[in-house]
Amino acid sequence: MSEPLNRRSRLITQGIERSPNRAMLRAVGFTDADFDKPIVGVANGHSTMNPCNAGIQPLADRAVAALREAGAMPQTFGVPTVTDGISMGTEGMKYSLVSREVIADSIETAVSSQCMDGVLAIGGCDKNMPGAMIAMLRMNVPAIFCYAGTIKPGCWKGQALTIVSSFEAVGAFQAGKMSKEDFEGIEKNACPTTGACGGMYTANTMSSSFEALGMSLLGSSQMACPDPEKADSVAESARVLVEAIRRDLKPRDIVTRKAIENAIALIMATGGSTNAVLHYLAIAHAAQVPFAIDDIEAIRRRVPVLCDLKPSGKYVATDFHRAGGVPQVLKMLLKAGLIHGDALTITGQTLAEALANVPDTPRADQDVIRPFDRPLYSQGHLAILKGNLAPEGAVAKITGLKNPAITGPARVFNSEDECMAAIMADKIKPGDVLVIRYEGPKGGPGMREMLAPTSAIIGKGLGESVGLITDGRFSGGTWGMVVGHVAPEAFVGGPIALVEDGDSITIDAHRQLIQLNVDDAELARRRAAWKPPAPRYTRGVLAKFARLVSSASKGAVTD
Ligand SMILES: CC(C)(O)[C@@H](O)C(=O)O
Ligand SMILES: [Mg+2]
């Protein structure tokens with residue numbers, strides 16, 4: 001007799017003493033026969049706060065129906081989100097990374113409090129993906145992730161638009177390089193549908209990497225949110241999840257070291273967001289898989305950038321999907337021996353088995369996905385930089401830079417807001433190295449993304465001549481000579497706290513170096529004089545996060 005599928009939920013549905021529990025479940029539609037079925041949580045990220053999550057309710061409805069058809073009892077609960085693109089450049093962005101932990105804690109709390117037998121999570125904006133994955137790996141009950149889908153590109157005067165077009169328009173318009181008509185036209189046309197930011201920014205980076213990780217169905221992540229195929233893939237995910245519960249196939253059976261290496265390889269090949277480094281350190285921590293920031297370099301060296309995708313490339317996620325998307329890239333990496341084909345996926349197949357029917361080479365009629373003999377870059381773009389400014393490491397995109405090395409005078413700012421004001425007041429000159437500090441996980445707190453200043457720099461035409469380093473983060477839409485996640489952060493006395501205006505700083509992408517050119521005796525003097533600042537928040541979720549959070553070089557985790 002096979003094991004019952006309600007391995008966990010039977011703790012609250014079976015036996016005399018569980019009569020009150022059943023009484024309450026009857027109130028939400030359970031009948032006698034239902035108490036023997038697996039209870040599956042639908043972590044519903046629906047929200048009208050943003051386009052990324054505003055299309056999720058119909059997907060959650062499809063998941064509920066498909067779970068019932070597959071013999072499970074679905075129970076829906078809400079999961080909060082923040083919106084990076086709307087909070088960007090404000091104090092509210094401090095809640096972005098914090099929300100990854102809030103989402104993880106919310107899903108873990110709901111699923112574990114009622115001993116659910118599995119969970120299907122549906123998310124949209126950036127932190128929804130890593131937050132859900134961290135919860136799944138902490139709980140280790142059968143789980144699958146469904147991405148709400150990418151937004152479709154906007155269009156203005158024949159130009160494909162994403163939200164980053166609007167961010168970059170700010171600097172250009174303010175510098176008098178763009179007409180009011182174009183500035184307003186871009187704003188009004190950048191986001192035409194529901195779905196998450198349409199380049200290979202953080203949401204599409206994390207969602208597509210979950211296909212490589214084995215925790216989302218192949219081909220599902222880059223579908224556009226409004227398209228019927230997206231809802232169909234959620235229904236299929238529900239069926240696959242019930243089968244995984246039958247097999248007792250759990251997230252930590254799937255998210256092994258090999259799976260994480262496969263995900264990082266996919267991210268390198270597609271030119272994904274720097275945030276993936278932070279999130280995969282946190283995902284490995286939740287999976288209890290040994291994986292350190294220095295492990296990323298070996299993958300970067302062997303995997304080329306094959307996809308010509310925004311922010312630094314030409315195409316958007318819907319182009320990528322049409323060109324074969326993640327499965328096509330994974331099949332190419334598999335054939336080249338750059339990923340582990342024996343890694344398991346949520347379907348119970350190995351990755352190689354799941355890719356069996358995918359063509360070995362990309363279609364010749366498009367150049368969204370390039371063949372190996374014509375990569376955009378021969379090595380990956382996400383590099384870990386070290387030096388006396390970042391002894392624990394820092395993260396940068398090092399491809400596509402006209403000037404891969406810069407040495408210049410430091411312009412020091414103790415917040416993103418101070419730096420943004422200087423950029424918009426045209427106080428920044430070519431050759432400057434901007435230092436934005438006290439924006440780290442503890443110091444910000446919350447490690448804000450700096451898309452506003454980096455876009456303003458691009459918009460003002462300084463993208464190739466100004467460097468920027470921060471203990472904060474960057475958006476997936478950022479490119480240029482920018483280095484984030486500098487660790488240790490200023491708030492805990494990291495070397496970035498000792499920089500003074502005018503100091504010489506070197507950022508060298510090819511040597512993967514970030515160096516403060518000040519002698520050790522002077523640095524020792526400055527360190528002796530440095531005093532830790534008072535925390536910016538003493539109450540509420542930001543204060544709790546600041547007290548708990550680890551270094552960015554460990555994933556900025558809180559447990
Ligand atoms: C607003 C963006 C582009 O979505 C950003 O938040 C990212 O991290 O990619
Ligand atoms: Mg973001």
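Residues numbered from 1 in each chain as written. Chains lettered and ligands numbered in written order. Predicted model: local features only at pLDDT ≥ 70, side-chain atom pairs only at ≥ 80, totals over all residues. Heavy atoms only, no water.

A.B. asks: For unusual backbone geometry, give the residues involved together with the corresponding values.
C.D. replies: With an omega of 20°, the peptide bond running from lysine 310 to proline 311 counts as cis. With an omega of 0°, the peptide bond between alanine 487 and proline 488 qualifies as cis. With respect to the element layout, proline 488 can be found in the loop between strand 12 (482-487) and strand 13 (504-508). Of note, the phi angle at lysine 157 is positive, near 50°, even though the residue is not glycine. Among the secondary structure elements, lysine 157 is positioned in the loop between strand 5 (154-156) and strand 6 (159-161). Taking relative accessible area as the criterion, lysine 157 reaches 55% and is therefore assigned exposed. (Helix = DSSP H or I, 4+ residues; strand = E, 2+ residues; numbered from the N terminus. Buried < 20%, exposed > 50% of the residue type's maximum accessible area, 1.4 Å probe, protein only.)

A.B. asks: Mind laying out the UniProt feature "binding site: Mg(2+)" (unreviewed entry) in the protein chain, listing which residues take part and the relevant values?
C.D. replies: Mapped onto the present numbering, the UniProt feature "binding site: Mg(2+)" (unreviewed entry) falls on Asp84, Asp126, Lys127 and Glu449. Across 366 residues, the annotated set stays spatially compact, with a maximum C-alpha separation of 12.1 Å. By secondary structure assignment, the location of aspartate 84 is in helix 4 (residues 84-87). Given a relative accessible area of 1%, glutamate 449 falls into the buried group. A distance of 3.1 Å separates polar atoms of two side chains, one belonging to glutamate 449 and the other to asparagine 275. (UniProt positions renumbered as here; feature names shortened; annotations may be inferred. Polar contact = N/O pair within 3.5 Å; in protein donor to acceptor, adjacent residues only side chain to side chain.)

A.B. asks: Give me the lowdown on the packing of helix 3 (residues 56-69) against helix 10 (residues 228-247), citing residues and values where you can.
C.D. replies: One way to put it is that helix 3 packs onto helix 10 with a least axis distance of 8 Å and a crossing angle of 35°. Remark: the crossing between helix 3 and helix 10 carries right-handed chirality. On helix 10, the residues touching Leu59, Arg62, Ala63, Ala66 and Leu67 of helix 3 are Lys230, Ala231, Asp232, Val234, Ala235, Ala238, Arg239 and Val242. Looking at the contact of helix 3 with helix 10, its residues break down into nine nonpolar, no polar and four charged. (Axes fitted to C-alpha atoms, helices over the stretch in contact; angles between N-to-C directions. Left-handed = near helix turned anticlockwise from the far one by under 90°. Contact = heavy atoms within 4.5 Å. Nonpolar A, V, L, I, M, F, W, Y, C, P; charged D, E, K, R; others polar.)

A.B. asks: For the site of ligand 1, give the residues involved together with the corresponding values.
C.D. replies: The full set of residues close to ligand 1 is Asp84, Gly85, Met88, Asp126, Cys197, Tyr201, Thr202, Asn275, Glu449, Ser475, Gly476 and Gly477. The contact in question runs from an oxygen atom of ligand 1 to an N or O atom on the side chain of glutamate 449, over 2.9 Å. Burial of ligand 1 by the protein chains amounts to 99% of its free accessible area of 270 Å². Residues belonging to the shell around ligand 1 are distributed by class as follows: three nonpolar, six polar and three charged. Viewed by domain, the shell around ligand 1 spans two of them, domain 1 (38-152 + 193-354) and domain 3 (382-554), each represented by three or more residues. (Near = heavy atom within 4 Å. Areas by Shrake-Rupley, 256 points an atom, 1.4 Å probe, with all protein chains shown as cover. Domains from an automatic or database assignment.)

A.B. asks: Summarise the coordination of the magnesium ion (ligand 2); cite the residues concerned and give the values.
C.D. replies: With distances of 1.9 to 2.5 Å, the protein atoms coordinating the magnesium ion (ligand 2) are Asp84 (OD), Asp126 (OD), Glu449 (OE) and Glu449 (OE). Every donor counted, the six donor atoms about the magnesium ion (ligand 2) form angles of 54 to 177° at the centre, which fits irregular coordination. Along the chain, the residues donating to the magnesium ion (ligand 2) are arranged with the sequence spacing D-x41-D-x322-E. Taken together, the positions of aspartate 126 in the loop between strand 3 (118-123) and helix 6 (128-139) and glutamate 449 in the loop between strand 10 (433-436) and helix 19 (451-459) put the pair 323 residues apart, joining distant regions of the chain. (Donors = N, O, S within 2.8 Å, 3.2 Å for Na, K, Ca; no water. Tetrahedral: all angles 85-135°; square planar, octahedral: opposite > 155°, others 65-115°.)

A.B. asks: Can you break down the pattern of salt bridges residue by residue, with the values?
C.D. replies: Tallied over the full model, the rule gives 41 salt bridges. A salt bridge links aspartate 182 to lysine 157; the shortest N-O distance between them is 2.6 Å. Note that aspartate 182 is positioned in helix 8 (residues 180-189) and lysine 157 in the loop between strand 5 and strand 6, a separation of 25 residues in sequence. The salt bridge involving glutamate 297 is made with arginine 301; its shortest N-O contact spans 2.9 Å. Separated by four residues within a single helix, glutamate 297 and arginine 301 lie in helix 14 (residues 295-302), roughly one turn from each other. (Salt bridge = Lys/Arg side-chain N within 4 Å of Asp/Glu carboxyl O.)

A.B. asks: If you had to explain the sheet that holds strand 1 (residues 39-44) to someone new, which residues and values would you point to?
C.D. replies: Strands sit in the order 2-1-3-4 across an open sheet of four strands; the sheet is parallel. This sheet does not close on itself; its edge strands, each paired only once, are strand 2 (73-78) and strand 4 (143-147). Between one strand axis and the next, the sheet turns by 20° as a mean value, whatever way the strands run. Taken together, the five bridges between strand 1 and strand 3 define a ladder with parallel strand orientation. From the neighbouring strand, glycine 41 faces strand 3, where its bridge partner is valine 119. (Pairing = 2+ DSSP bridges.)

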